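Take a look at the letters that make up each chain.
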Amino acid sequence: MNKIALGVTSSISIFKAADIIRLFQKEDLTVQVIMTDRATNFIQPEFFTALSGQPTIVKLFDQKKHPIEHITLAAEISLLLIAPATANIIAKLASGLADDFLSTFYLAVKSPVLIAPAMNEAMFLHPQTQANIKKLRDLGVAFVEPESGYLACGQQGSGRLASPEKIVQISLRLIRQQPVFKDKLIVVTAGPTREALDPIRFLSNRSSGKMGYELAREAYERGAEVVLISGPVELPPPAGIKVEKVISAEDMRQAVLKYYDRASVVIMSAAVSDFKFSQTSQEKIKKEDLPSAIKLDRTPDILEELGRLKRGQLLVGFAAETSEPKVRAQEKMKRKKLDLMVVNDVSRHDIGFESDDNEVYLLWPDGRERLIGKTSKKKVSREILTEIGAMVNGRKGNN
Ligand SMILES: Cc1cc2nc3c(=O)[nH]c(=O)nc-3n(C[C@H](O)[C@H](O)[C@H](O)COP(=O)(O)O)c2cc1C
């Protein structure tokens, strides 16, 4: 089912519901908005009708499409999200009151329910509100914790609606989680590493981290526990995912090894620097003191080490090549005991580094290969995670 019901109540943060709709639409999901009567004091239903392309529902006894729409709609959705949720709607749902469309609908819904509260800090922390939240949690309702910060009432504190990105990310996980990823730790590395010469200068590469961040997001949506080990990139941390920030190849190595025993899958999509400076300086080296040739040493080969230490983990490597990409990648895969190799041809400027698109070959140790033609990195990550899911299910590892 590709439809989500979005309950919108009369909180001052109601305007953020527009971003939530847009983010769902980017995921090809249809959004049916349900407003409380009081929410229409802030925004007219037509606003959400225009954004969502679906007639906004407000009243229980005024259904044009179907006379008992609270029942028919319940069977069509994969999630009921209420964002923003007032203290009032939380109290109503906790007590089973059904005196308008949204609260009546809640009782008819069998799919997961997610609530994103938004209110003044005193209202949120009030023992009555907390007791209502606990009661709903005990009944299986999921919550997106509100954030701390500046509130519309002019005060600082907790109770601010979580970001639309976070709310949508958690929603997608509720819809898309798959049993194969449940209780599995997936470690993803992303971005470049930096090898310092002195506090100012470093050796690095053009990796943007976009591919790794999409892979981490996709793994999270499918229900895995995800640790994203990220070199220095410009991307915001994905919601719900533990991010370990690292700088050098050695930092990245240590971070990966920290999680390796517990990991079911490791996806090494980072572009780890191959070289580091033989000698580094804590102070900025003066221009006149810089030698004309600088000696480099090799950095640790993390993938090779993971291959050596492997005990059941699925190891996925990325290769960025400019010539004979497939031949070189096959050789690397065998040498490093990988279970899947994702090969980028980085001689092309329309894909790969810094681009939002990618085209990759997937290679397996048994000689099987698959081309994922040029598409967004989001879609590429979806395909890769589908293959990983099949491999985890079939336990076809290169151990
Ligand atoms: C300007 C204004 C802003 C409000 N913002 C919130 C809010 O952020 N959270 C909340 O729980 N209630 C807020 N309220 C109070 C609710 O609108 C009120 O409790 C209402 O009865 C809730 O109705 P509903 O849950 O059916 O939408 C606000 C009221 C006003 C007048």
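Thresholds, definitions, all that
Residues numbered from 1 in each chain as written. Predicted model: local features only at pLDDT ≥ 70, side-chain atom pairs only at ≥ 80, totals over all residues. Helix = DSSP H or I, 4+ residues; strand = E, 2+ residues; numbered from the N terminus. Buried ≥ 20, exposed ≤ 12 C-beta atoms within 10 Å, placed from the backbone. Contact = placed C-beta atoms within 7 Å. Pairing = 2+ DSSP bridges. Expected span 1.5 Å × (residues − 1). Domains from an automatic or database assignment. Nonpolar A, V, L, I, M, F, W, Y, C, P; charged D, E, K, R; others polar. Axes fitted to C-alpha atoms, helices over the stretch in contact; angles between N-to-C directions. Parallel < 35°, antiparallel > 145°, perpendicular 65-115°, else oblique. Left-handed = near helix turned anticlockwise from the far one by under 90°. Near = placed C-beta within 6 Å.

Trainee: What is the right way to read the overall build of the protein chain from this model?
Mentor: From N to C terminus, the protein chain includes 13 helices and 19 strands. Taken over the C-alpha atoms alone, the protein chain extends approximately 80 × 50 × 40 Å along its principal axes. Every one of the 399 residues in the protein chain was classed for burial, and the buried ones make up 41%. Counting contacts in the protein chain only where the partners sit at least 6 residues apart, residues at least 24 apart contribute 68% of the total.

Trainee: Please clarify how the sheet that holds strand E3 (residues 79-85) should be interpreted in this entry.
Mentor: Strands in a sheet are paired, the pairing made by backbone hydrogen bonds, and the direction either parallel or antiparallel. In spatial order, the strands read E2-E1-E3-E4-E5; together these five strands make up an open sheet with parallel pairing. With partners counted over all chains shown, the strands left at the sheet margins are strand E2 (30-35) and strand E5 (142-143), one partner each. Where strand E1 (residues 3-8) lies against E3, four bridges are found, and the strand directions are parallel. For leucine 6, the partnering residue across the bridge sits in E3 and is leucine 81.

Trainee: I keep staring at helix H8 (residues 164-176) and nothing clicks. Help me out?
Mentor: Spacing of three or four residues puts side chains on the same side of an α-helix, whose turn is 3.6 residues. End to end, H8 covers 18 Å across 13 residues, agreeing with the expected 18 Å (1.5 Å per residue, within 8%). Those residues of H8 that fall on the buried side of the exposure criterion are Pro164, Ile167, Val168, Gln169, Ile170, Ser171, Leu172 and Arg173. Buried residues belonging to H8 abut E1, helix H1 (16-26), E3, strand E4 (113-117) and helix H9 (210-221).

Trainee: Would you explain the domain arrangement of the protein chain in this entry?
Mentor: Interfaces are often sized by the accessible area lost when the parts come together. Partitioning the protein chain into structural domains gives domain 1 (3-175) and domain 2 (178-394). A separation of 38 Å is found between the C-alpha centroids of domain 1 and domain 2. Of the residues lining the interface, six residues belong to domain 1; the matching set on domain 2 comes to six residues. Residues belonging to the side of domain 1 that touches domain 2 are distributed by class as follows: two nonpolar, one polar and three charged.

Trainee: What am I meant to see in the packing of H1 against H8 here?
Mentor: Describing two packed helices takes the angle between their axes plus the distance from one axis to the other. Packing of H1 against H8 leaves a shortest axis separation of 9 Å and a crossing angle of 45°. Judged by the angle between their axes, H1 and H8 are oblique. For the crossing formed where H1 meets H8, the hand is right-handed. In this structure, H1 uses Lys16, Asp19, Ile20, Leu23 and Phe24 to contact H8, whose residues at the interface are Pro164, Glu165, Ile167 and Val168. When grouped by side-chain class, the residues that make up the contact of H1 with H8 number six nonpolar, no polar and three charged.

Trainee: What exactly am I supposed to notice about the site of the ligand here?
Mentor: Around the ligand there are 15 residues in total, and Ser10, Ser11, Thr36, Thr86 and Met119 lie nearest to it. When residues of the shell around the ligand are assigned to their parent elements, the largest contribution, three residues, is made by helix H4 (residues 87-95). Residues belonging to the shell around the ligand are distributed by class as follows: seven nonpolar, seven polar and one charged.

Trainee: Honestly, the environment of valine 346 in this entry has me stumped. Any pointers?
Mentor: Mapping valine 346 onto the fold places it in the loop between strand E17 (340-345) and strand E18 (357-363). Residue class for valine 346 comes out partly exposed when judged on the 18 C-beta atoms lying within 10 Å of it. Linking valine 346 and asparagine 132, residues 214 residues apart in sequence, is a C-alpha distance of 54 Å.

Trainee: Can you walk me through the sheet that holds E17 in this structure?
Mentor: Reading across from one edge, E12-E11-E8-E13-E16-E17-E18-E19 is the order of the eight strands in this open sheet, with mixed pairing throughout. Of all strands in the sheet, those bounded by a partner on one side alone are strand E12 (242-245) and strand E19 (369-376). The average angle at which neighbouring strand axes cross in this sheet is 20°, direction not considered. Bridging between strand E13 (residues 265-268) and strand E16 (residues 314-321) involves four bridges; their strand directions are parallel. In the sheet register, isoleucine 267 faces E16, and the bridge partner there is valine 316. Relative to the sheet, H9 contacts strand E8 (185-190), strand E11 (225-230), E13 and E18, its axis offset from that of E8 by approximately 165°.

Trainee: Just to check I follow, could you spell out the pairing of E18 for this structure?
Mentor: In regular strands, side chains alternate between the two faces of the sheet. Looking at chain direction, E17 and E18 are connected through four bridges and run antiparallel. Within E18, the residue paired with methionine 341 across the bridge is leucine 363. In this sheet, E19 lies alongside E18 in antiparallel orientation, the contact comprising six bridges. Within E19, the position partnered with leucine 363 by the bridge is glutamate 369. Counted between consecutive antiparallel strands, the loop separating E18 from E19 contains five residues, among which glycine 367 sits at a positive phi close to 95°.

Trainee: I'm lost on the packing of H4 against helix H7 (residues 127-138) in this one. Help?
Mentor: Interaxial distance between H4 and H7 falls to 9 Å at its minimum, and their mutual angle equals 50°. With respect to H7, the axis of H4 lies oblique. Crossing geometry of H4 relative to H7 is assigned as left-handed. Each of Ala87, Ile90, Ala91, Leu93 and Ala94 in H4 lies in contact with H7, whose residues at this interface are Thr129, Asn132, Ile133, Lys135 and Leu136. Counted by class, the contact of H4 with H7 contains seven nonpolar, two polar and one charged residues.

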